[in-house]
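Remarks on the overall topology
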Amino acid sequence: MSKLVNKVALVTGGNSGIGYAAAAELAAQGAKVIVTGRNKEALIKAETELNVTGIVADQADLKSIDNLVSEVKSKFGKLDIIFLNAGTASFAPLESASEEHYDSIMNVNVKGVYFTVQKLLPILNDGGSIIFNTSINANIGMPNSSVYAASKGAVLSFNRVLATELATRNIRVNAISPGPVETPIYGKLGLSKEEVEGFGSVLGEKILLKRFGQPSEIAKTVSFLASDDSSFITGTEIVVDGGLTVNSVV
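Let us look at the structure shown here.

Conventions adopted
Residues numbered from 1 in each chain as written. Predicted model: local features only at pLDDT ≥ 70, side-chain atom pairs only at ≥ 80, totals over all residues. Heavy atoms only, no water. Helix = DSSP H or I, 4+ residues; strand = E, 2+ residues; numbered from the N terminus. Polar contact = N/O pair within 3.5 Å; in protein donor to acceptor, adjacent residues only side chain to side chain. Contact = heavy atoms within 4.5 Å. Buried < 20%, exposed > 50% of the residue type's maximum accessible area, 1.4 Å probe, protein only. 1 Å grid on protein atoms, 1.4 Å probe; cavity = no way out; pocket = protein on both sides within 12 Å on 5 of 7 lines; lining within 4 Å. Points joined across faces, edges and corners; volume = space filled by probe spheres on them. Phe/Tyr/Trp six-rings, centres within 6.5 Å; stacked < 30°, edge-to-face > 60°. Axes fitted to C-alpha atoms, helices over the stretch in contact; angles between N-to-C directions. Parallel < 35°, antiparallel > 145°, perpendicular 65-115°, else oblique. Left-handed = near helix turned anticlockwise from the far one by under 90°. Nonpolar A, V, L, I, M, F, W, Y, C, P; charged D, E, K, R; others polar.

**What to know about the side chain of N133**
Here N133 is to be found in strand β5 (residues 124–133). Looking at N133, its side chain comes within polar contact range of the side chain of N85, at 2.9 Å. Not counting the four nearest positions on each side in its chain, N133 is found in contact with I18, F83, L84, N85, K152, I176 and P178.

Here is the structure:
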């Protein structure tokens, strides 16, 4: 059954990985879907494959967000669902982390997310759903991830506060914290195929289900939080990690 007929959904960073899978799932559930990204060619590919609308936007640039809001309003009028998926990840130990490293993550993952929500709020329908893509890294203390973890911790704080602020409009605000998921992000981190496979093998032993997640599995959780199936859920974090964070025994 299509749960999102007559709904308009925006997925930031929707041209690959989790965002692409979420856009596909939301469209399959009947929503009109808009995806954003910085790569025009990738957006055109997503438009063709998923029957969605692609809009070039850079989440770290507030003027670009303004243009996104204007275009969405012009083409669709209002939104019902916002999935804040776009983000960046890079890692460095405290001793060598640079200001550029810090700013590159915080500008996209914190400032960009915050102002995307703020600027889209006037065109989000009452009763709508805001969904943040966060990470278990906010809580697990992984070495060399201090800035990235802090950025996701900040978004989890947004999640709780905005759920309170927007409750008067019956807008539900929730977060999804994925564990390791098979997406292109590992290649973007500069890891070789062998390094990715080795990392996956070691980490896989800590995951209770003994495998990485699939983007489609995160997308199902997005669809759940976007639909009326989750009508009494707000201000919460759903951890989708195959049991990694509960397996503390070394």
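**Some points on unusual backbone geometry**
Of note, N170 is a non-glycine position whose phi angle comes to about 60°, a positive value. Structurally, N170 is set in the loop between α6 (146–165) and β6 (172–178). N170 sits in the exposed class, given a relative accessible area of 54%. Phi angles above zero are rare outside glycine, and K210 is one such case at about 60°. Positionally, K210 belongs in the loop between α8 (193–204) and α9 (215–226).

**Some details on empty space enclosed by the protein**
Rolled over the atoms, a probe as big as a water molecule pinpoints where empty space is left. Applying the stated criterion to the full structure yields one cavity of 30 Å³ or more. The computed volume of the largest cavity comes to approximately 40 Å³. Lining the largest cavity are L84, N85, A86, N109, V113, F132, N133, K152 and V155.

**A short note on the packing of aromatic side chains**
Enumeration according to the criterion identifies three aromatic pairs in this entry. Taken together, a centroid distance of 5.3 Å and an interplanar angle of 85° make the contact between Y114 and F115 edge-to-face. Overall, Y114 belongs to the partly exposed group, its relative accessible area being 35%. For F115, a relative accessible area of 23% translates into the label partly exposed.

**Quick look at the packing of helix α1 (residues 17–28) against helix α2 (residues 40–50)**
At a closest axis distance of 11 Å, the pairing of α1 and α2 adopts a crossing angle of 30°. Compared by their axis directions, α1 and α2 come out roughly parallel. Judged by the twist between their axes, the crossing of α1 over α2 is right-handed. The segment α1 lies against α2, with Y20, A23, A24 and A27 engaging A46, E49 and L50. Its residues assigned to classes, the contact of α1 with α2 shows six nonpolar, no polar and one charged.

Note that every value here comes from positions in space, so none of it alone points to a role or purpose.
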